[in-house]
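Geometric and topological summary
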Amino acid sequence: MQELHDAPLAPLTTFRLGGPATRLVTATTDAEVIAAVREADDTGTPLLLIGGGSNLVIGDKGFDGTALHIATRGFSLDGTTLELAAGEIWTDAVARTVEAGLAGVECLAGIPGSAGATPIQNVGAYGQEVSATITEVTAYDRRSRETVALSNADCAFSYRHSRFKADPERYVVLRVRFELEDAGGLSAPLRYAETARALGVEAGDRVPLTAARETVLKLRAGKGMVLDPEDHDTWSAGSFFTNPILTDEQFAAFRSRVAERLGDTVEPPAFPAGDGRVKTSAAWLIDKAGFTKGYGTGPARISTKHTLALTNRGEATTEDLLALAREVVAGVHEAFGVTLVNEPVTVGVSL
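This text gives an overview of the structure that appears in the document. Owing to the predicted nature of the structure, the values given are computational and were not obtained by experimental measurement.

1. Side note on the side chain of His69
Mapped onto the fold, His69 is located in strand 5 (residues 63-70). A distance of 3.4 Å separates the side chain of His69 from the backbone oxygen of Gly51, its partner in a polar contact. Setting aside residues up to four positions removed in sequence, His69 forms contacts with Leu12, Leu24, Val25, Thr26, Ala27, Ile50 and Gly51.

Encoded structure:
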């Protein structure tokens, strides 16, 4: 187990932002992860968990405590059952499932980060969410001080949310188990219209797994959502805001604001979200509020490829990023009465 003091955290995040940690511990086994967590809990030391760093916004002052970098490895495939160690690189794991001819996560290709983060955020993209295939999460319970197994139902998954995200101080994910599908080399039915269009098929159709994965990678790359050290559009946390979910009453008020601002013929995006609620598009809101691709003049700007990504152009600070985020949130609320919620986890700062 490696230990460093006054260690920079920015290199461990996809934003490449944030100050140092008082102490940085890198754990490569479950036992080391548990030992580091127990030590922090026993001494009352603040603890920050870092996997792939793709969903973190760390303040410029850094973290006064122990940052635990979970770098465990483990990929086990038994028939259609996949088990991943928390530190496994997610996009590599997806590639290996496609090579094995198994469907269920192929449209989650190219998403940066580690496997252990996927249940926390209920990671999803292009019509798939990990909650559809996760069967069990093994975690260390800091409250009971023991390793526990949580079923899919125990995880309380919802849109970009879970039991782990609701109670971030309790569980440390160690391993994640998935049940995939052997569809004879074909993908799961395509649920996302953009993916289906790009493949020249109808929503609900299946396509060869490799074609589905490669198409998603191309779509993501076109939006700056595949990590590239040379491309500052990828120095981001991906989608910075979640898509707002509104009640029918809230959506009706939102439609009225859209008509006032953009005209009676403009209909905002609307997708059923269950329980009398409607999901709309954060990217659409940002764009129509006047924050177009490439918006900004400072070192933190909206991506030139996708309005939903806020980016570090190379010399930004976390405060630069937050100033841009606050400007976008205020502008969207003023224009449409909808409050955007950040998707990345903030450490030592807030919007």
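Moving on from the coordinates now.
2. What to know about the pattern of salt bridges
In this structure the tally under the stated criterion is 19 salt bridges. Here Glu194 and Lys223 are joined by a salt bridge, their closest N and O atoms 3.0 Å apart. On the criterion of sequence distance, the pair formed by Glu194 in helix 5 (residues 193-199) and Lys223 in the loop between helix 6 (209-222) and strand 13 (245-247) is long-range, its members being 29 residues apart. One salt bridge in this structure joins Arg255 and Glu267, with 2.7 Å as the shortest N-O distance. Here Arg255 is found in helix 7 (residues 248-262), whereas its partner Glu267 is found in the loop between helix 7 and strand 14 (271-274), with 12 residues between them in sequence. Its relative accessible area of 38% is what places Arg255 among the partly exposed residues. Residue classification places Glu267 among the partly exposed residues on the basis of a relative accessible area of 48%. One connected set of salt bridges, linked through shared partners, spans Asp30, Glu83, Glu136, Arg175 and Arg177.

3. A closer look at the pairing of strand 14
For strand 14 and strand 15 (residues 277-279), the ladder comprises three bridges, and the chain directions are antiparallel. Looking at strand 15, one finds that Pro272 is bridged to Val278. From the end of strand 14 to the start of strand 15, which pair antiparallel, there are two residues, and Asp275 there has a positive phi angle of about 55°.

4. Digging into the packing of helix 7 against helix 9 (residues 318-336)
Viewed as axis vectors pointing N to C, helix 7 and helix 9 meet at an angle of 90°, and their least axial separation amounts to 8 Å. The angle between helix 7 and helix 9 falls in the class roughly perpendicular. Residues Phe254, Arg257, Val258, Arg261 and Leu262 of helix 7 pack against His333, Glu334, Ala335 and Phe336 of helix 9. Partitioned by chemical class, the residues of the contact of helix 7 with helix 9 number five nonpolar, one polar and three charged.

5. Let's talk about the sheet that holds strand 15
Strands sit in the order 13-15-14 across an open sheet of three strands; the sheet is antiparallel. In the strand order of this sheet, the two ends are held by strand 13 and strand 14, each with one partner. Sheet twist, expressed as the average angle between the axes of neighbouring strands with direction ignored, equals 40°. Judged from the three bridges that link them, strand 13 and strand 15 form a sheet pairing that is antiparallel. Within the sheet, the bridge partner assigned to Leu246 lies in strand 15 and is Val278.

6. Here's the deal with helix 2 (residues 90-99)
Residues of helix 2 that are buried include every one of Trp90, Ala93, Val94, Ala95, Thr97 and Val98, and no others. Tucked into the core, helix 2 has its buried residues touching strand 6 (75-78), strand 7 (81-85), helix 3 (118-121), strand 12 (171-179) and helix 6. Gly101 lies just past helix 2 and shows a positive phi near 80°.

7. So, the packing of aromatic side chains
Following the criterion strictly, the structure yields 10 aromatic pairs and no others. Plain terms: the ring middles of Tyr126 and Tyr192 are 5.3 Å apart, the flat faces sit at 75° to each other, and that makes the pair edge-to-face. One end of the pair, Tyr126, is in the loop between strand 8 (124-125) and strand 9 (128-129); the other, Tyr192, is in the loop between strand 12 and helix 5, with 66 residues separating them in the sequence. On the numbers, 5.9 Å between centres and 85° between planes, the contact of Phe254 with Phe336 is edge-to-face. Of the two residues, Phe254 sits in helix 7 while Phe336 sits in helix 9, which places them 82 residues apart along the sequence.

8. Quick look at helix 6
With 14 residues, helix 6 extends 20 Å between its outermost C-alpha atoms, agreeing within 8% with the 20 Å of an ideal straight helix rising 1.5 Å per residue. Taken residue by residue, helix 6 has Leu209, Ala212, Thr215, Val216, Leu219 and Arg220 as its buried positions. Take helix 6 and look down its axis: the buried residues cluster within an arc of 135°, on one side only. Within two residues after helix 6, Gly224 carries a phi angle of roughly 70°, on the positive side.

What counts, and where the lines are drawn
- Residues numbered from 1 in each chain as written.
- Predicted model: local features only at pLDDT ≥ 70, side-chain atom pairs only at ≥ 80, totals over all residues.
- Heavy atoms only, no water.
- Helix = DSSP H or I, 4+ residues; strand = E, 2+ residues; numbered from the N terminus.
- Polar contact = N/O pair within 3.5 Å; in protein donor to acceptor, adjacent residues only side chain to side chain.
- Contact = heavy atoms within 4.5 Å.
- Salt bridge = Lys/Arg side-chain N within 4 Å of Asp/Glu carboxyl O.
- Buried < 20%, exposed > 50% of the residue type's maximum accessible area, 1.4 Å probe, protein only.
- Pairing = 2+ DSSP bridges.
- Axes fitted to C-alpha atoms, helices over the stretch in contact; angles between N-to-C directions.
- Parallel < 35°, antiparallel > 145°, perpendicular 65-115°, else oblique.
- Nonpolar A, V, L, I, M, F, W, Y, C, P; charged D, E, K, R; others polar.
- Phe/Tyr/Trp six-rings, centres within 6.5 Å; stacked < 30°, edge-to-face > 60°.
- Expected span 1.5 Å × (residues − 1).
- Arc of directions from axis to C-beta.

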